[in-house]
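Below are the chains, spelled out letter by letter.
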Amino acid sequence: MSGELLKMSNISKSFFGVKVLDDAELSVRSGEVHILLGENGAGKSSLIKVLSGAYRCDSGSIFLEGRPLADMTPRKALAEGISVIYQEFNLLPELPVYENIFLGKEPAGRLFLDHKKAREQAAHYMKKVGLELDPSTLVRDLTVAQKQLVEIAKSISNRVRILVLDEPTAALTDKETGKLFEVIRELREEGIGIIYISHRMREFFEIGDRCTVMRDGRTVAQLDIRDTDEDELTRLMVGRKVHAKRKGNPHLKQEQVLLRVDSLSCRNCSDISFVLHRGEVLGITGLIGSGKDEVARCIMGILKENTGHVEFMGREHAGTPEGNIGSGLVYLSDDRKDEGLIQMHSVRDNFALPNLKRLAAPLLSRKRVEKATKEYVEKLKIKTHSTETEVQKLSGGNQQKLVIAKWLYSGADVYIFNEPTRGIDVGAREEIYEIMEEILAGGASILMVTSDLQELLQLSDRILVMKDGRVRREWNNNGTLDEQMILAAAM
Amino acid sequence: MEYILTGVREFRQKNLGGMVLYLGVAAIFLAMTLICQAYGKDFLTVTNIFNIITQASIVAIIAIGASLIILTGGIDLAPGSVVGFVGIVGGLALKSGVPLWAVVLLCLAAGVISGVISGLFVSYGKVPAFIVTLGMMQILRGGAMVLCGGIAVSGFPSELKLLMNAKLFGRMPISVFYVAVLYIAICFVMKYTRFGRRVYALGGNIKAARLSGIAVNRELIKVYALGGLFAAIGGVMMLARLSYADPNAGSGYEMQAIAAAVIGGISLSGGKGNIANTLVGALILSMLTCGLQIMNMPTFYQSIISGLVIVLAVFADKHDERHQE
C-alpha cells in the first residue's frame, strides 16, 4: 500500500433541485480494495458517474496522483485509466473475445487489422485475469463470470489505474466469486486502486482494505475494514436500528392448501413436488442454474411444463400468465427493470395496468385510478414526487414497492416473489418484509424464490433447496437451520 | 420549494413535446398567411381551411391506424395498398350491382381481415412487423392488379360520390365530419377503455405487459385489425372521391401516415404519444401542400419541404434528450 491515488473532494451534484451528491468525498490508495457502500439512492452510483465522466459535477474537484482532472468526459476518464465495470456488461456478444478486448483500439498493420497480433495480445491479458479460453470464442458463448473477466481484461489492456466494480458478484456462484477475488487480489498487488461496490456485507471483510460509507449523498465515514464490523456498517448506512428476526407464524393454516405442485418437469427442472398452505411462506433457494427460477415461471405459465401438474385453489392452473393472474396467482419478477414495470410509464399507469378490469366501471376514470394509486402509494410509503412520475426515476426499493402495490390491489391469493429484495438497500428491505407480513395477515400465501440466505431464514416457514433441477432438501424452518446447512445442500 | 420546482420541471418536460408541436403549427400558419399575402391571396379563409382538412382527411384517418400500431412498437407498411385493394374490391362489387351499403361493409371487412392476418404473424408468428406488413403491402397491391387486370374500374352509381361530396350545414365538407368523429372516438377509446391503456403497455414493455396479465397476442391482433379497418375507411373515401377504382390508388400513403404520426410526436419505439396530435401532424403536411399550391410551387418542392418538416419535427421533439446527455 502506498500513497493516495485518487481523491474526490467536496463533490456536489443536483438534478432538478434535488441534491444527489452533497460534499461527497472519496479517496483511494493505489494497491487497495476500497469498498463503497450505502443504501440505494445514497449516491454511490452518482459519485461513480462523476468519476467516469458520465455526469458533470456542480462543484468539487478530482485529483489523480495529485493532478487535478477537470471537465471529465467518458473518453477522458478512459484515457486516464479510470475504468468502470457495470452489472450490465459493455460487450458485443457477436464478436470474439479478442475483438471485444481491443474494441476502439485495434492493433493495426499498415491498412488492415492485424488479427494474429490482436489474438496474441488478448491471450496475454486473458491469462492475467485467469481466463483460459481461445481468444476467438464468441462472447455470447461465455458465462456471466467469464464475461466479467473479459471486461477486466479489457480494462487492463487500457492500462487501468482505477478499476470500479459495481456489484460484481451479484450473478456469480460462490466458486466464481472466489476466482474473481483472486484476480482482484492480483490487480491490487500491481498497485491498481480498486473501488468495490456491493450489497453483500460478508464480501467486504473478505476482500476489502478500507471502506467509505455514504448516506443521502454525503460521505458519512471512511474506515479501515479491520476496525469495524457488520453492525457498525449497517448502522452507518441506515442511520437507525435494523429489525430483529420474525418469530412464529400466526397466519399459517395447515389444513388449507392453496398451491399443489405435483411431479412437475420443465426446462431445467424435473420431478418437483410441494404444497403451499394458506398464510405460509415457502422459501425456495438454490444456486444459479439450479432450476429455482424455472419452477416459479412454470407455475405461472410463463414457461410450458413438460409433465406433471400444478393445482391452484383445487384446480389445474392456467397455461398462460394472464389466465393465472385472473384467478389470483401472481408473479413478482426478479427483473424489475425489464419484466416488473414499464419504466417509461408513470407510477399511476403501472399501478393500473394489471387492475384495469377492477378499475374500469366499465370505463376508466382518471379520478378513480388516481385515488386507488394514491392510497397504495401512501400505504406502502412509496417515495415518488407524484403519481405521474415516470417509474424509471424511482429508486430500486420504491420500484419494488410499486410492483408489490399493484399486485396487492389486485387481491391475489398466492404471491410468487422472485428475489424480493435483490439490489435493494437495507431500509427498504425491512419495509418490504413488513408488507409481506401483511400479505400473510390478509390470508394469502407467499412462494419466495431467493438466493439471499439470510432473507430465506428470516421469512420462510418451510425451505426447499434445489440443485441440478431437483429438490434436494425440504426443511421446516424451526430455528435450528443455519446458512451453512443450506449452502451445503445447494452445492 | 424544491418540491414545487421539481413539479414544474416535470410538467414542462411532459408537455414540451406538445408545446413544440403547437408552436410549429402556429409558425407554419403564420408563414403561410404572410407568404400568401405577398402573393396577393388570402390564406386564412374558411374555404381554405376546409380544403386543408379535406385534403388531409384520408391520410389523417389512415394515420389513426398507423399511430395505434406504432404505439405498440410496430410499424405498418400496408395501408397504402389496402386503399388500392379495397377500392378495386369495392369497385368490382358496385359494378356487379351490390348495394352501396353492402359494398362499404365488404371493403371494411377486407381491411380488417388483412389486418388480422398481419396481426397473427406479428404476435403468434413472432415475425417483425416491418417484414409482415412489407409482405402484405406487396400482396395486396398485386392482388388489386390481378382482380382488375391492371385497368382502372369505373362507371359507378352517382350515390357513391355523395360519400365524399356531401356538405353538412351548407358548406362543411363531409370528410371534415368523418375526421372529427373518428378522432374523437379514438381519443375516447385510448383514454377511457382498457384496450386503450393496454396498447400503451404493449409498446412500453411487452414482457412487463404480459406479466401484468395482458393477453399480449390477442391485443396485438386487435390493434392490427384496427389498422386494417382505418386503412379500409381511407380506401372507401378514396373510391368515392375519385369515383373510379385505381389499383395504384393510395401508394405512398403508408409513409404519409407514418409521417403524420411521427410529426405528431408518437414515438417510433412505442409506448408514448397522443393520437390527437397525429391529426395535427396530418394537418401540418396538408397545410404545407395547400400553401405551396397557392404559391404555384411545383410539387417537387412540396416533397422537399415535407421531408424537412418530418426531420425537424422529431429534432425539436428530442430537445430534452439532447440536453440530458
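Right above here is the structure, for reference.
Residues numbered from 1 in each chain as written. Chains lettered and ligands numbered in written order. Predicted model: local features only at pLDDT ≥ 70, side-chain atom pairs only at ≥ 80, totals over all residues.

Here we come to the sheet that holds strand 9 (residues 210-215) of chain A. Residues and elements named next belong to chain A. Reading across the sheet, the six strands line up as 6-7-8-3-9-10 and stay open at both edges, with mixed pairing between neighbours. Single-partner strands in this sheet number two, and they are strand 6 (82-85) and strand 10 (218-224). Each strand axis lies, on average, 20 degrees off the axis of its neighbour in the sheet, ignoring direction. On top of the sheet, helix 1 (residues 44-51) reaches strand 3 (33-37), strand 6, strand 7 (162-166), strand 8 (193-197) and strand 9; it is set at about 140 degrees to strand 6, its chief contact. Of the strands in this sheet, strand 6 and strand 7 are in contact with helix 5 (residues 144-157), which crosses strand 6 at around 175 degrees. (Pairing = 2+ DSSP bridges. Helix = DSSP H or I, 4+ residues; strand = E, 2+ residues; numbered from the N terminus. Axes fitted to C-alpha atoms, helices over the stretch in contact; angles between N-to-C directions. Contact = placed C-beta atoms within 7 Å.)

Residue and element names in this part refer to chain A. Of all five residues in strand 17 (residues 414-418), five are buried; the element is thus mostly enclosed. Pairing geometry for strand 16 (residues 329-332) and strand 17, over four bridges, is parallel. The residue of strand 17 that forms the bridge with Leu329 is Val414. Here strand 17 pairs with strand 18 (residues 445-449) via five bridges, running parallel. Pairing of Val414 across the sheet is with Ser445, part of strand 18. For the crossover from strand 17 across helix 16 (residues 426-441) to strand 18, the handedness is right-handed. (Buried ≥ 20, exposed ≤ 12 C-beta atoms within 10 Å, placed from the backbone. Right-handed = clockwise from strand over helix to strand, strands pointing away.)

The next point concerns the sheet that holds strand 13 (residues 281-286) of chain A. In a beta sheet, neighbouring strands pair by backbone hydrogen bonds and run either parallel or antiparallel. Residues and elements named next belong to chain A. Spatially, six strands are ordered 16-17-18-13-19-20 in an open sheet, and the strand pairing comes out mixed. The open sheet has two edge strands with one neighbour each: strand 16 and strand 20 (470-476). Within the sheet, the average angular offset between the axes of one strand and its neighbour, ignoring direction, is 15 degrees.

Residues and elements named next belong to chain B. Running from N to C, helix 11 (residues 253-263) and helix 12 (residues 275-294) point in directions that differ by 115 degrees, and their axes come no closer than 7 Å. Crossing angle aside, the handedness with which helix 11 passes helix 12 is right-handed. In contact with Gln256, Ala259, Ala260, Ala261 and Ile263 of helix 11, helix 12 contributes Thr278, Gly281, Ala282, Ile284 and Leu285. Class assignment for the residues of the contact of helix 11 with helix 12 results in seven nonpolar, three polar and no charged. (Left-handed = near helix turned anticlockwise from the far one by under 90°. Nonpolar A, V, L, I, M, F, W, Y, C, P; charged D, E, K, R; others polar.)

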